Amino acid sequence: MDFTRRETLALGAGAAAMALLPMHAVAQAAADAEMVGNPDDFLAGATAGTGDLTLNAPEIAENGNTVPVSIDAPGAVEVRVYALGNPTPGVATFRFGPLAGSRVASTRIRLAGTQDVQAIAKMADGSYVTAMKTVKVTIGGCGG
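- The name given to the chain in an unreviewed UniProt entry is Sulfur oxidation protein SoxY, with the source organism recorded as Maliponia aquimaris.

Rendered as structure tokens:
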């Protein structure tokens with residue numbers, strides 16, 4: 001199979017572009033992770049009340065590396081989840097568009113030890129609501 005000089009240059013440029021695309025995705029993911037921050041940054045001086053936000057997390061987690069957490073936030077446009085005892089407390093951000101049928105999300109988070117997990121939801125009217133749950137992380141599954 002013989003390639004012309006133009007075809008060779010086009011293939012090389014295409015390969016270079018494909019190689020750089022994943023790097024952009026990794027950089028974007030890192031920027032999104034930095035946006036989670038801490039609760040005070042998200043609230044920006046506002047106070048969060050209690051309301052229509054449900055945070056589900058186990059009372060006891062035998063493995064702090066994969067703790068299942070789910071939220072149900074009818075009327076929310078954004079929900080952030082924080083593990084307040086972790087060195088970096090922000091662990092997840094969920095954004096819901098206006099056409100979202102339900103505002104439910106779940107993930108698994110890593111907890112450094114027994115601590116409070118907090119969810120803060122920004123509602124469509126601009127108010128904030130919060131829910132908190134204490135998760136006891138046992139050491140080696142021994143209940144310690």
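Okay, back to it.
**Quick word on the overall build of the chain**
- Helices and strands together make up the secondary structure of the chain, namely two helices and nine strands.
- Secondary structure elements of the chain, listed N to C terminal, follow the sequence α-α-β-β-β-β-β-β-β-β-β.
- The buried share of the chain, reckoned over its 144 residues, is 31%.
- Partitioning the intrachain contacts of the chain with sequence separation of at least 6 by distance along the chain shows that 60% fall at a separation of at least 24.
- As displayed, the chain offers around 9,000 Å² of accessible surface, 57% of which is attributable to carbon and sulfur atoms.

**Focus: the sheet that holds strand β4 (residues 67–72)**
- Sheet architecture is open: three strands sit in the order β2-β4-β7, paired in antiparallel fashion. In this open sheet, the two strands that pair with only one neighbour each are β2 (54–56) and β7 (104–109). The mean inter-strand angle of the sheet, taken between neighbouring strand axes irrespective of direction, is 15 degrees.
- By the bridge criterion, six bridges tie β4 to β7 in an arrangement that is antiparallel. Across the sheet, residue Ser70 finds its bridge partner in β7, namely Ser106.

Thresholds applied
- Residues numbered from 1 in each chain as written.
- Predicted model: local features only at pLDDT ≥ 70, side-chain atom pairs only at ≥ 80, totals over all residues.
- Heavy atoms only, no water.
- Helix = DSSP H or I, 4+ residues; strand = E, 2+ residues; numbered from the N terminus.
- Buried < 20%, exposed > 50% of the residue type's maximum accessible area, 1.4 Å probe, protein only.
- Contact = heavy atoms within 4.5 Å.
- Areas by Shrake-Rupley, 256 points an atom, 1.4 Å probe, with all protein chains shown as cover.
- Pairing = 2+ DSSP bridges.
- Axes fitted to C-alpha atoms, helices over the stretch in contact; angles between N-to-C directions.

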